[in-house]
Amino acid sequence: MKIPKRIQPLVDDGLVDEVIRQLKSGKEADVYVVRCGSKIRCAKVYKEAEDRSFKQAVQYKEGRKVRNSRSARAMAKGSKFGRKQQEKIWQTAEVDALYVLANSGVRVPQPYGCTDGVLLMELITDETGLAAPRLSDVSLTEEEAIVDYQMILQSVVRMLCAGLIHGDLSEFNVLVDANGPVIIDLPQVVNAAANNHAKSMLERDVNNLTRFYGQFAPQLLARQDAKEMWALYQDGKLYPETQLTGYFVDSTPTADVEGLMDEINAVIAEKEEQQRILKSRDYD
């Protein structure tokens, strides 16, 4: 096929030898199957900000560190240079996360570098060697659903132990190869320790997965893995090999609203009595 304009520099530099076909066109990038020497890989070409339907919401960017102070100032001002730097950070966030997660035992595509907004990475395939289907396109038996759910849940645990939360995880950005689910699409990845929305994003990610697998194994719907996982993480008791039970008991004390109001009213009454006494002395 004709070489896309954004991939041409990689061909010129010898990083890509052939563009075989387009694999998909998504809300944030187009993905192509490419040949790099004797290896078949994929090239993810990020779309420009104005062409993306997925916007860089503030809650996703919160907590991302910018080492260069000039870039940070420009991004804060929203200048042309600042917007360009923001795009660069958005694009490199995924490749940085992929390297971290691959080294942490999370099932993600192996990255091979990002050049000028084009990410080269492993092509996930099924048992026949064709591009692996998305989880949303797969039908599972009850047993398969339980096994795969536990597998991807372990990946989410390992992600959190590495300090990261996907932030947009669902059956639409998980591939299924011969060995089970593989997590993809991570440019919006969230820093668990530095983002105030981390807990709610983790819960949304896990609940999305629970709902999907629960279609095939309804007993999964009663699990509370997100709450259990976050509680263990906050207490420093979550480890890469932690096996979640699916049970969670909220130990947060219930607020005694009635008792609190009684205390407030007592303080008000005491103040009023003090004022009454002071006024009576003034008259005396």
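Quick caveat: nothing in here was measured; it's all calculated off a predicted structure. (Residues numbered from 1 in each chain as written. Predicted model: local features only at pLDDT ≥ 70, side-chain atom pairs only at ≥ 80, totals over all residues. Heavy atoms only, no water.)

(A) Layout of the overall build of the protein. Along the backbone of the protein there are eight helices and nine strands. Residues classed as buried in the protein amount to 42% of the 284 residues present. The long-range fraction of contacts in the protein, counting pairs at least 24 apart against all pairs at least 6 apart in sequence, stands at 61%. Carbon and sulfur atoms make up 51% of the accessible area of the protein, which totals about 16300 Å². (Helix = DSSP H or I, 4+ residues; strand = E, 2+ residues; numbered from the N terminus. Buried < 20%, exposed > 50% of the residue type's maximum accessible area, 1.4 Å probe, protein only. Contact = heavy atoms within 4.5 Å. Areas by Shrake-Rupley, 256 points an atom, 1.4 Å probe, with all protein chains shown as cover.)

(B) Seen up close, the pattern of salt bridges. Summed over all chains, the structure comprises 10 salt bridges. Between Arg158 and Glu241 there is a salt bridge, and its shortest N-O distance comes to 3.0 Å. Within this pair, whereas Arg158 is found in helix H5 (residues 142–161), its partner Glu241 is found in the loop between helix H7 (225–234) and helix H8 (257–283), the two being separated by 83 residues in sequence. Here Asp225 makes a salt bridge to Arg223, at a shortest N to O gap of 2.8 Å. (Salt bridge = Lys/Arg side-chain N within 4 Å of Asp/Glu carboxyl O.)

(C) Region of interest: the packing of aromatic side chains. By the definition in use, this model includes four aromatic pairs. Seen in terms of ring centroids, Phe212 and Tyr213 are 5.5 Å apart; in terms of plane orientation they differ by 85°. Their pairing is edge-to-face. Look at Phe212 and you get buried, because its relative accessible area is 6%. For the ring pair Phe212 and Phe216, a centre distance of 5.5 Å and an interplane angle of 70° mean the geometry is edge-to-face. Following the ring pairs from residue to residue traces out a cluster consisting of Tyr149, Phe212, Tyr213 and Phe216. (Phe/Tyr/Trp six-rings, centres within 6.5 Å; stacked < 30°, edge-to-face > 60°.)

(D) Layout of empty space enclosed by the protein. All told, the structure shown has one cavity of 30 Å³ or more when counted by the stated rule. Its boundaries defined by the atoms lining it, the largest cavity holds a volume of some 40 Å³. Together, Val156, Met159, Leu160, Leu164, Ile165, His166, Leu169, Leu202 and Asp205 line the largest cavity. Breaking the lining of the largest cavity down by element, the ones donating at least two residues are H5, strand S6 (164–165) and helix H6 (198–214). Looking at side-chain class alone, the lining of the largest cavity contains seven nonpolar, one polar and one charged residues. (1 Å grid on protein atoms, 1.4 Å probe; cavity = no way out; pocket = protein on both sides within 12 Å on 5 of 7 lines; lining within 4 Å. Points joined across faces, edges and corners; volume = space filled by probe spheres on them. Nonpolar A, V, L, I, M, F, W, Y, C, P; charged D, E, K, R; others polar.)

(E) Region of the structure containing H7. Burial in H7 covers these residues: Asp225, Ala226, Glu228, Met229 and Trp230. Where H7 is buried, its residues touch H5, S6 and H6. One or two residues past the end of H7 sits Gly236, with phi positive at roughly 70°.

(F) Local environment of the sheet that holds strand S3 (residues 39–46). The five strands lie next to each other as S1-S2-S3-S5-S4, forming an open sheet whose pairing is antiparallel. Because the sheet does not close on itself, it has two edges, and the strands there are strand S1 (18–25) and strand S4 (111–115). Averaged over all pairs of adjacent strands, the angle between strand axes in this sheet comes to 25°, irrespective of strand direction. Alignment of S3 against strand S5 (residues 118–122), held across five bridges, turns out to be antiparallel. Note on S5: the bridge partner recorded for Arg41 is Glu122. (Pairing = 2+ DSSP bridges. Axes fitted to C-alpha atoms, helices over the stretch in contact; angles between N-to-C directions.)

(G) The arrangement of the side chain of Glu203 in detail. With respect to the element layout, Glu203 can be found in helix H6. In this structure Glu203 comes out as buried when scored by relative accessible area, which is 17%.

(H) The arrangement of H5 in detail. When the terminal C-alpha atoms of H5 are compared, their 29 Å separation across 20 residues agrees well with the 28 Å that a helix rising 1.5 Å per residue should span. Burial in H5 covers these residues: Ala145, Asp148, Tyr149, Ile152, Leu153, Gln154, Ser155, Val156, Val157, Met159 and Leu160. (Expected span 1.5 Å × (residues − 1).)

(I) Focus on the packing of H5 against H6. Relative orientation of the contacting elements H5 and H6 amounts to 170°, with a least axis distance of 10 Å. Relative to H6, the element H5 lies roughly antiparallel. Each of Ala145, Asp148, Tyr149, Ile152, Leu153, Val156 and Leu160 in H5 lies in contact with H6, whose residues at this interface are Leu202, Val206, Leu209, Thr210 and Tyr213. When the residues that make up the contact of H5 with H6 are grouped by side-chain class, the tally is 10 nonpolar, one polar and one charged. (Parallel < 35°, antiparallel > 145°, perpendicular 65-115°, else oblique.)

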